[in-house]
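The primary structure of each chain is shown beneath.
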Amino acid sequence: MPTVKISSNSILFNRKRNWMEFDAGRLLSGITLPELARELWQYILEVASGLRTRNEINDFREIAIFKQGVTL
């Protein structure tokens, strides 16, 4: 199942462009919430229609969202 990673801030998104899909931090730079929500919804529809996510492109098959300690 595709995993869409949403960055909470633009600094993180720009640092991890090869890993993150969507920059929600743009809300702080002038884009309105309805515009940002529309973009995210459109992206989700594209993924549901077959667009490959970064995990799929990079062939990453595991992700640890809430990790404590070492994750291999």
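What you see as residue numbers is a count from 1 along each chain, following the sequence as written. With the structure being a predicted model, the display of local features is reserved for residues of pLDDT at least 70 and the display and counting of side-chain atom pairs for 80 or more, all residues being used for whole-chain, interface and lining totals. Each side-chain value is worked out from all heavy atoms of the structure, with water and hydrogens disregarded.

## Observations concerning helix α2 (residues 33-48)
Between its terminal C-alpha atoms α2 stretches 22 Å, which fits the 22 Å expected from 16 residues at 1.5 Å a residue. Relative accessibility under 20% of the residue-type maximum defines a buried residue, over 50% an exposed one, and the middle range a partly exposed one, all with a 1.4 Å probe and only protein chains included. Strands are runs of DSSP state E lasting at least 2 residues, helices are runs of H or I lasting at least 4, and numbering of each runs from the N terminus. Along α2, the residues classified as buried are L36, L40, Y43 and V47. All buried residues of α2 lie within an arc of 60° about the axis, which places them on one face of the element. Exposed positions of α2 whose direction lies more than 90 degrees from the buried face are R38, W41 and A48. The contact criterion used throughout is that any non-hydrogen atoms of two residues lie within 4.5 Å. On its buried face, α2 is in contact with β1 (6-7) and β2 (22-23). Just downstream of α2 lies G50, where phi reads positive at about 120°. Under the convention used throughout, the expected extent of a helix is 1.5 Å for every residue step, that is, one less than its residue count. Our arc is simply the arc of the directions from the helix axis toward the C-beta atoms.

## Quick notes on the environment of S29
Within the fold, S29 resides in the loop between β2 and α2. C-alpha of S29 to C-alpha of S10: the two residues are 19 residues apart in sequence and 9.1 Å apart in space.

## Quick notes on the packing of aromatic side chains
Only the six-membered ring of Trp is used, alongside the rings of Phe and Tyr, when aromatic pairs are assigned; centres must lie within 6.5 Å, and planes under 30 degrees apart are stacked while those over 60 apart are edge-to-face, with the rest tilted. Counted according to the given criterion, the structure contains zero aromatic pairs. By the criterion adopted, a ring carries a charge over it if an Arg CZ or a Lys NZ lies within 6 Å of its centre and within 35 degrees of its normal. Here the guanidinium or amino end of K5 rests over the ring plane of W19, the centre of that ring lying 5.6 Å away.

## Concerning the pattern of salt bridges
Criterion for a salt bridge: a side-chain nitrogen of Lys or Arg within 4 Å of a carboxyl oxygen of Asp or Glu. All told, the structure shown has two salt bridges when counted by the stated rule. When the shortest N-O distance is used, the salt bridge between K5 and E21 registers 3.2 Å. Here E21 lies in the loop between α1 (10-15) and β2 and K5 lies in the segment before β1, a separation of 16 residues in the sequence. Classification of K5 by relative accessible area gives buried; the value is 6%. Of the charged contacts, one joins R26 and E39 as a salt bridge, the two residues approaching to 2.4 Å between their closest N and O atoms.

## Considering the environment of I6
Here I6 shows up in strand β1. I6 sits in the partly exposed class, given a relative accessible area of 44%. Between the C-alpha atoms of I6 and W19, which are 13 residues apart in sequence, the distance is 9.8 Å. Once you skip the residues sitting within four places of it in the chain, I6 turns out to touch M20, F22, A24 and L40.

## A short note on a nonpolar patch on the surface
The grouping of W41, I44 and L45 at the surface amounts to a nonpolar patch, some 300 Å² of accessible area in total. In this fold, L45 is placed in helix α2. Given the relative accessible area of 36%, L45 is considered partly exposed. Patch definition: residues above 30% relative accessible area lacking any salt bridge, with like charges linked at up to 9 Å and the nonpolar side chains Val, Leu, Ile, Met, Phe, Trp and Tyr linked at up to 5 Å. Computed with a 1.4 Å probe, the accessible areas rest on the Shrake-Rupley method; for each residue, only the protein chains presented here act as cover.

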